[in-house]
Amino acid sequence: MLWLLSHLPLYWLFRAFGYPRLLPFSLVISLTYRCNSRCATCRVWQRRSDELSSGEWEKVFRKLAHHGRVYYLTFSGGEPFLRDDIADIVVSSAQVLKPALITIPTNGLLSRRIPTQVEKMLKELPPGTELGINLSLDEVGERHDRIRNVPGNWEKAMETYRALKAINHPNLVLSIHTVISRFNVERIGAISKALLELEPDSYITEVAEERVELRTVGLPITPSPDEYKAAVEAVLDNLRGRHFHGMPRFTQAFRLYYYHLAEKILREKRQVIPCYAGWASGHIAPDGDVWTCCTRAQPVGNLRETDYDLRPVWFGDKIAELRKSIKAGECYCPMANASYANMLLHLPTLLRVVANLV
């Protein structure tokens, strides 16, 4: 954390003046578009890609390690556990890059593979790296199955959750993640209360949004600002009095502010605080395409064309043009992953979060 805090001023300068040139400290890696869910809020499973192999990802990590530090890594999908080599890729990233935290979201359908792969990761991760598994649950029981369009999803997810809970490893953070959409917004109070009774290490929510990556642009999935505000207030009521420890304590502190930030973004349709996607945070697609974020998912280069080196892309002309657009406020979104970096780099927000922690 001290490394990250000491580098925040450098990212302010990078965004303001273009120097010093830095690689992102927060990186999302989509391992696959393949998915065994057919969620009402996502169509990523319709996409196809020539996925980078585990050997190619290791080349990416080694090039990154020579020129910067990735503090926070997310391996997403699709369903990332559909990759047979996911444990190899995650362990390789941790051993080479030594991030403080790795997060993997999952729908929990692969109830045998997921716990086995997680145990393998935990055995081989460096001691200083925490592994966060975010189980995605958008409803309870059959209602969850209907949103995910997979019969039996809830039962399989519960089987996965129980198996992960039994691992009880000090570096494992087991979270439950709910997407607030038009399909569940009126029941979020009851949903969050029921899910918190499962006693996850952390409980987080995110608002359904239109993303190019997910092929959801134009779909009526996002709740209105008033609906979202009421839902968030219900979540906060259920969280009141609950105590989290370690990394989940910091996560919850940022999430509490993120909920208000997301509501304001939805209402005002603008960047409420400066966006650092393309400076401090970035995204790599399954085929090696580099994006500033998955909301716009606008390729600025491909790692296969640069010998797996992110620098020529990250400091190239295409991303420079895209940064101008982001800096001018020509886009806005409440995407949680990018918002973490944005809140860290927005001093008033960071001070509020620290004050709440203290």
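Up top you'll find the structure we're talking about.
Residues numbered from 1 in each chain as written. Predicted model: local features only at pLDDT ≥ 70, side-chain atom pairs only at ≥ 80, totals over all residues. Heavy atoms only, no water.

Caption draft 1: Region of the structure containing the packing of helix H9 (residues 247-268) against helix H12 (residues 336-344). Packing of H9 against H12 brings their axes to within 10 Å, and their N-to-C directions diverge by 100°. Our classification of the angle between H9 and H12 gives roughly perpendicular. Of the residues in H12, those touching H9 at Thr251, Phe254, Arg255, Tyr257, Tyr258 and Leu261 are Ala336, Ser339, Tyr340, Met343 and Leu344. Across the contact of H9 with H12, the residue classes break down as eight nonpolar, two polar and one charged. (Axes fitted to C-alpha atoms, helices over the stretch in contact; angles between N-to-C directions. Helix = DSSP H or I, 4+ residues; strand = E, 2+ residues; numbered from the N terminus. Parallel < 35°, antiparallel > 145°, perpendicular 65-115°, else oblique. Contact = heavy atoms within 4.5 Å. Nonpolar A, V, L, I, M, F, W, Y, C, P; charged D, E, K, R; others polar.)

Caption draft 2: Quick look at the pattern of salt bridges. Considering all chains together, one arrives at 19 salt bridges under this definition. Between Glu206 and Arg211 there is a salt bridge, and its shortest N-O distance comes to 2.8 Å. No difference in accessibility class separates Glu206 from Arg211, as the two residues are buried. A salt bridge links Glu263 to Arg267; the nearest nitrogen and oxygen atoms lie 2.6 Å apart. Of this pair, Glu263 and Arg267 both sit in helix H9, four residues apart, roughly one helical turn. Judged by relative accessible area, Glu263 falls into the buried class, the value being 14%. The class of Arg267 is partly exposed, set by a relative accessible area of 39%. Within the structure, one salt-bridge network assembled from shared partners comprises Arg34, Glu51, Arg83 and Asp85. (Salt bridge = Lys/Arg side-chain N within 4 Å of Asp/Glu carboxyl O. Buried < 20%, exposed > 50% of the residue type's maximum accessible area, 1.4 Å probe, protein only.)

Caption draft 3: Up close: unusual backbone geometry. The linkage connecting Tyr19 with the following residue, Pro20, adopts the cis geometry, with an omega of -5°. Along the chain, the position of Pro20 falls in the loop between helix H1 (2-17) and strand S1 (26-30). At the junction of Gly77 and Gly78, the peptide bond is cis and its omega measures out at 10° in the coordinates. Relative to the elements of secondary structure, Gly78 occurs in the loop between strand S2 (72-76) and helix H3 (86-97). We note that Lys98 has phi near 55°; this positive angle belongs to a residue other than glycine. Mapped onto the fold, Lys98 is located in the loop between H3 and strand S3 (101-106). The exposure class of Lys98 is partly exposed, given its relative accessible area of 49%.

Caption draft 4: Representation of the packing of aromatic side chains. This model, assessed by the stated rule, comprises eight aromatic pairs. Taken together, the ring pairs connect Trp57, Phe61 and Phe75 into an aromatic cluster. (Phe/Tyr/Trp six-rings, centres within 6.5 Å; stacked < 30°, edge-to-face > 60°.)

Caption draft 5: Molecular detail of the pairing of strand S6 (residues 202-207). Counted residue by residue, S6 has six buried out of six residues, so it is predominantly covered. Judged from the six bridges that link them, strand S5 (residues 172-180) and S6 form a sheet pairing that is parallel. Bridge pairing in S6 places His177 opposite Ile204. Of the crossover connections in this fold, the one passing from S5 over helix H7 (residues 188-196) to the parallel S6 is right-handed. (Pairing = 2+ DSSP bridges. Right-handed = clockwise from strand over helix to strand, strands pointing away.)

Caption draft 6: Quick look at helix H13 (residues 347-357). Of the residues making up H13, those classed as buried are Thr349, Leu350, Val353 and Leu357. For H13, the buried positions fall inside an angular range of 100° around the axis, keeping them on one side. Residues of H13 that are exposed and point more than 90 degrees away from the buried face comprise Leu351 and Ala355. The elements touched by buried residues of H13 are H1, H9 and H12. (Arc of directions from axis to C-beta.)

Caption draft 7: Local environment of a nonpolar patch on the surface. On the surface, Met1, Leu2, Leu5 and Phe250 cluster together into a nonpolar patch covering about 400 Å² of accessible area. Its location among the elements puts Leu2 in helix H1. The class of Leu2 is exposed, set by a relative accessible area of 73%. (Patch = residues over 30% accessible without salt bridge, like charges linked within 9 Å, V, L, I, M, F, W, Y side chains within 5 Å. Areas by Shrake-Rupley, 256 points an atom, 1.4 Å probe, with all protein chains shown as cover.)

Caption draft 8: View of the side chain of Thr306. Position of Thr306 relative to the elements: it lies in the loop between strand S8 (290-291) and helix H10 (311-314). Here the side chain of Thr306 touches Asp309 through a polar contact of 2.8 Å, landing on its backbone oxygen. Apart from residues lying up to four places away in sequence, Thr306 is in contact with Pro312 and Val313. (Polar contact = N/O pair within 3.5 Å; in protein donor to acceptor, adjacent residues only side chain to side chain.)

Caption draft 9: Up close: the nonpolar core. Judged by nonpolar contacts, the single largest core of 113 residues is most densely connected at Phe25, Phe75, Ile104 and Val118. Looking at this core, the element that brings in the most residues is H9, giving eight residues. (Core = buried A, V, L, I, M, F, W, Y, C linked by side-chain atoms within 4.5 Å.)

Caption draft 10: Looking closely at the sheet that holds S6. A sheet is described by the order of its strands in space; here eight strands give the open sequence S6-S5-S4-S3-S2-S1-S7-S8, paired in mixed fashion. Of all the strands in the sheet, the pair left with one neighbour each is S6 and S8. With six bridges joining them, strand S4 (residues 130-136) and S5 adopt parallel strand pairing. The partner of Asn134 across the bridge, within S5, is Ser175. Along the sheet face, H9 touches S3, S4, S5 and S6 and points at about 20° away from the line of S6.

Caption draft 11: Seen up close, empty space enclosed by the protein. This model, assessed by the stated rule, comprises two cavities of 30 Å³ or more. Here the second largest cavity is characterised by a volume of approximately 50 Å³. Taken together, Val28, Ser281, Gly282, His283, Thr292, Cys293, Cys294, Met335, Asn337 and Ala338 make up the full set of residues lining the second largest cavity. Along the lines of polarity and charge, the residues of the lining of the second largest cavity split into five nonpolar, five polar and no charged. (1 Å grid on protein atoms, 1.4 Å probe; cavity = no way out; pocket = protein on both sides within 12 Å on 5 of 7 lines; lining within 4 Å. Points joined across faces, edges and corners; volume = space filled by probe spheres on them.)

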